[in-house]
Amino acid sequence: MEKNNELPDGWVETNLETCVEILDSKRIPINSRERQQRLGNIPYYGATGQVGTIDDYLFDEELVLLGEDGAPFFDSFKNKAYLINDKSWVNNHAHVLKGISDLLLNKFLCYYLNQIDYREYVNGTTRLKLNQTSMKKISIRLSPINEQKRIVEKIEYVFSELDDVKKMLDHIQKQLKQYKQSLLKSIFEKPQKKDVTNTSGSTLGDYIKIQNGYAFKSDWFKNNGIRLLRNINVGHRVINWENSVFLDKSQAGQFTRFQLFENDIVISMDRPIIKSGLKLARLKKNDLPALLLQRVGKFMILNNELENGYFYLWLQSKAFLNSLNPGRSLGVPHVSATELENIPFKIKIPSIIEQKEIVSDTERRFSLIKNTENITTLMLLQLNTLRSTVLKHAFEGKLVPQDPNDESASELLKRIKLEN
């Protein structure tokens, strides 16, 4: 959050160490092996949340845990701090904080810590760390305690409304995925208009052959030339050419057998199944020229009764996905050409004309689904932006009205210092 140097009336800016109790000295890390021997129902917390359970507790109160290392400090949409209640055990990857009574509410503190800029407080490269010395220096803007209560109440109300919207958008995206699979299922199960070829008892190998890519040596790779399609370039229904490698054009002539063409269907043989679906895609004109690298397979249709686009639809169906059972090769999930060719291929193949009609209609529907998914994804991102805006306004004193009768935060701070 950008600093606003003008403090609202009754607010004070101070350092974190002046308004919280730091309970880090009470933390005790327990390794996973020992925790396995001490399983219980007490939550065991780390940098970003609960990481297990244990049979005993260190704390039994409301606390704010702030990541010490391993937290997403530079991701403005992810939490760095979270609130816990009741019995708990905390390891050494999270700072344990408690707002000083009558000065700082824990919930106010937690929201505040989730919207500040940590760049001047953390250090490290591969694993960012917020040490205790730096944490104590975090600048915090305190409002009067009664205003803190109003701010927290308003944040929770607005966030609850945003959560309801998010649930609705998540449900829409889930329904879209289900509709897509229902559409594919109906294509291959419904009766076709004309006579069909019934492939019952067949395998993929009866209709297609898998071509493996060539094992181009890494020392042949260049910064320009003919692109080499690697497994990392194959995504779900898309070819991603980030981190491209190339073969010098002067060498390409000897590898024409591995040349790729528009509408070629390829699959990543390594880690073929990902969260969004299959690492399966069909090449477009702008993906070319390109050559097929090892650990990527190309589907070569052998039977002229089977249309490329129709077959590509079947490969996106649950029938194909559920038939994949990757083993491991070089330590990663892998599927071989032989395994792919042995997959059952039990569908009805209509005429080429009807296949093309089906493909055209389905791609039109897929396009509508994709557009709707893009809209909901954008709306989900906007929800995150709205959350950030709410927090920004909250700690600029713009979220709730002020009450001139509230005791100022500076007076509260002075009084607590005198009492201690």
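Each remark here, short or long, concerns the structure printed above.
Analysis parameters
Residues numbered from 1 in each chain as written. Predicted model: local features only at pLDDT ≥ 70, side-chain atom pairs only at ≥ 80, totals over all residues. Heavy atoms only, no water. Axes fitted to C-alpha atoms, helices over the stretch in contact; angles between N-to-C directions. Helix = DSSP H or I, 4+ residues; strand = E, 2+ residues; numbered from the N terminus. Parallel < 35°, antiparallel > 145°, perpendicular 65-115°, else oblique. Left-handed = near helix turned anticlockwise from the far one by under 90°. Contact = heavy atoms within 4.5 Å. Nonpolar A, V, L, I, M, F, W, Y, C, P; charged D, E, K, R; others polar. Salt bridge = Lys/Arg side-chain N within 4 Å of Asp/Glu carboxyl O. Buried < 20%, exposed > 50% of the residue type's maximum accessible area, 1.4 Å probe, protein only. Pairing = 2+ DSSP bridges. Phe/Tyr/Trp six-rings, centres within 6.5 Å; stacked < 30°, edge-to-face > 60°. Lys NZ or Arg CZ within 6 Å of the ring centre and 35° of its normal. 1 Å grid on protein atoms, 1.4 Å probe; cavity = no way out; pocket = protein on both sides within 12 Å on 5 of 7 lines; lining within 4 Å. Points joined across faces, edges and corners; volume = space filled by probe spheres on them. Patch = residues over 30% accessible without salt bridge, like charges linked within 9 Å, V, L, I, M, F, W, Y side chains within 5 Å. Areas by Shrake-Rupley, 256 points an atom, 1.4 Å probe, with all protein chains shown as cover.

K.L.:
I tried to follow the packing of helix α2 (residues 106-113) against helix α4 (residues 145-189) on my own but got confused; where do I start?
P.N.:
Each pair of packed helices can be described by the angle between their axes along with the distance between the axes. Their axes nearest at 9 Å, the elements α2 and α4 cross at an angle of 60°. Taken together, the axes of α2 and α4 are oblique relative to one another. Seen from above, α2 lies across α4 with left-handed handedness. Contacts from Lys 107, Phe 108 and Tyr 111 in α2 reach Gln 148, Ile 151, Val 152, Ile 155, Glu 156 and Phe 159 in α4. When its residues are assigned to classes, the contact of α2 with α4 shows six nonpolar, one polar and two charged.

K.L.:
I'm lost on the pattern of salt bridges in this one. Help?
P.N.:
If the charged atoms of two oppositely charged side chains come close together, the side chains can form a pair. One pass over the structure, following the stated rule, counts 21 salt bridges. Between Glu 68 and Arg 27 there is a salt bridge, with the nearest N and O atoms lying 2.7 Å from each other. Taken as a pair, Glu 68 in the loop between β6 (63-67) and β7 (81-84) and Arg 27 in the loop between β2 (20-22) and α1 (32-36) lie far apart in primary sequence, 41 residues in all. Residue Glu 68 shares its accessibility class with Arg 27, and that shared class is buried. For Glu 396, the salt bridge identified is with Lys 398, shortest N-O distance 3.1 Å. Here the salt bridges do not stand alone but share partners, grouping Arg 27, Glu 68 and Lys 129 into one network.

K.L.:
Before we go on, may I ask you to explain the sheet that holds β7 in this structure?
P.N.:
The strands making up a sheet associate through hydrogen bonds between their backbones, and the pairing can be parallel or antiparallel. The strand order across the open sheet formed by four strands is β2-β9-β6-β7, and the pairing between neighbours is antiparallel. Pairing within the sheet leaves two strands with one partner each, and these edge strands are β2 and β7. The average undirected angle you get between the axes of adjacent strands in this sheet is 35°. In the sheet, β6 pairs with strand β9 (residues 94-99) via four bridges, with the strands oriented antiparallel. What sits directly across from Gly 67, in β9, is Ala 94.

K.L.:
Explain the packing of aromatic side chains here, please?
P.N.:
Applying the stated criterion to the full structure yields 20 aromatic pairs. Centroid distance Phe 299 to Phe 320: 6.4 Å. Interplanar angle 75°. Geometry classified as edge-to-face. Taken as a pair, Phe 299 in strand β21 (residues 296-301) and Phe 320 in helix α7 (residues 318-321) lie far apart in primary sequence, 21 residues in all. With a relative accessible area of 0%, Phe 320 lands in the buried category. The positively charged end of Lys 87 is found above the aromatic ring belonging to Tyr 57, 5.2 Å away from the centroid.

K.L.:
Please clarify how the environment of Ile 353 should be interpreted in this entry.
P.N.:
Positionally, Ile 353 belongs in helix α9 (residues 352-394). Each C-alpha atom, one on Ile 353 and one on Gln 251, is 40 Å from the other, the two residues being 102 residues apart in sequence.

K.L.:
Explain the layout of surface pockets to me, please; I cannot follow it from the model alone.
P.N.:
Within this model, the largest pocket holds a volume of roughly 1,000 Å³. Along its surface, the largest pocket is lined by 28 residues, and Lys 177, Lys 180, His 236, Ser 276 and Glu 373 are the ones closest to its centre. Looking at the lining of the largest pocket, the elements with two or more residues in it are α4, β18 (277-278), α7 and α9. In terms of residue count, the dominant contributor to the lining of the largest pocket is α9 (nine residues). Of the residues contributing to the lining of the largest pocket, the split by class is eight nonpolar, 10 polar and 10 charged. Estimated volume of the second largest pocket: approximately 600 Å³. Contributing to the lining of the second largest pocket are 26 residues, with Ser 76, Phe 77, Asn 114, Ser 388 and Leu 391 lying nearest its centre. Where the lining of the second largest pocket is concerned, the elements lending two or more residues are β7, α2 and α9. Here the lining of the second largest pocket is composed, by residue class, of 12 nonpolar, six polar and eight charged.

K.L.:
Just checking my understanding: could you explain unusual backbone geometry for this structure?
P.N.:
With an omega of 0°, the peptide bond running from Leu 288 to Pro 289 counts as cis. Along the chain, Pro 289 turns up in the loop between β19 (280-282) and β20 (290-292). Although it is not a glycine, Asp 102 sits at a positive phi angle of roughly 70°. By the secondary structure assignment, Asp 102 is in the loop between β9 and α2. Given a relative accessible area of 53%, Asp 102 falls into the exposed group. For Asn 243, which is not glycine, the phi dihedral falls at a positive 55°. Examined against the element boundaries, Asn 243 turns out to sit in the loop between β14 (226-229) and β15 (245-247).

K.L.:
Would you take a moment to explain a nonpolar patch on the surface for this structure?
P.N.:
Together, Phe 77, Leu 378 and Leu 381 line one region of the surface with nonpolar side chains, adding up to about 280 Å² of accessible area. Here Leu 381 lies in helix α9. Owing to a relative accessible area of 45%, Leu 381 belongs among the partly exposed residues under this scheme.

K.L.:
Looking at this structure, I do not really get the pairing of β14. What am I missing?
P.N.:
Successive residues of a regular strand alternate their side chains across the two faces of the sheet. Side chains Ile 226 and Leu 228 of β14 all project onto a buried face; the interleaved residues Arg 227 and Leu 229 project onto the opposite face, where all are buried too. Bridge count for β14 against β15 is three bridges, and the pairing is antiparallel. Looking across to β15, one finds that Ile 226 is bridged to Leu 247. The pairing of β14 with β20 spans three bridges and is parallel. Counted as the bridge partner of Leu 228 is Leu 291 from β20.

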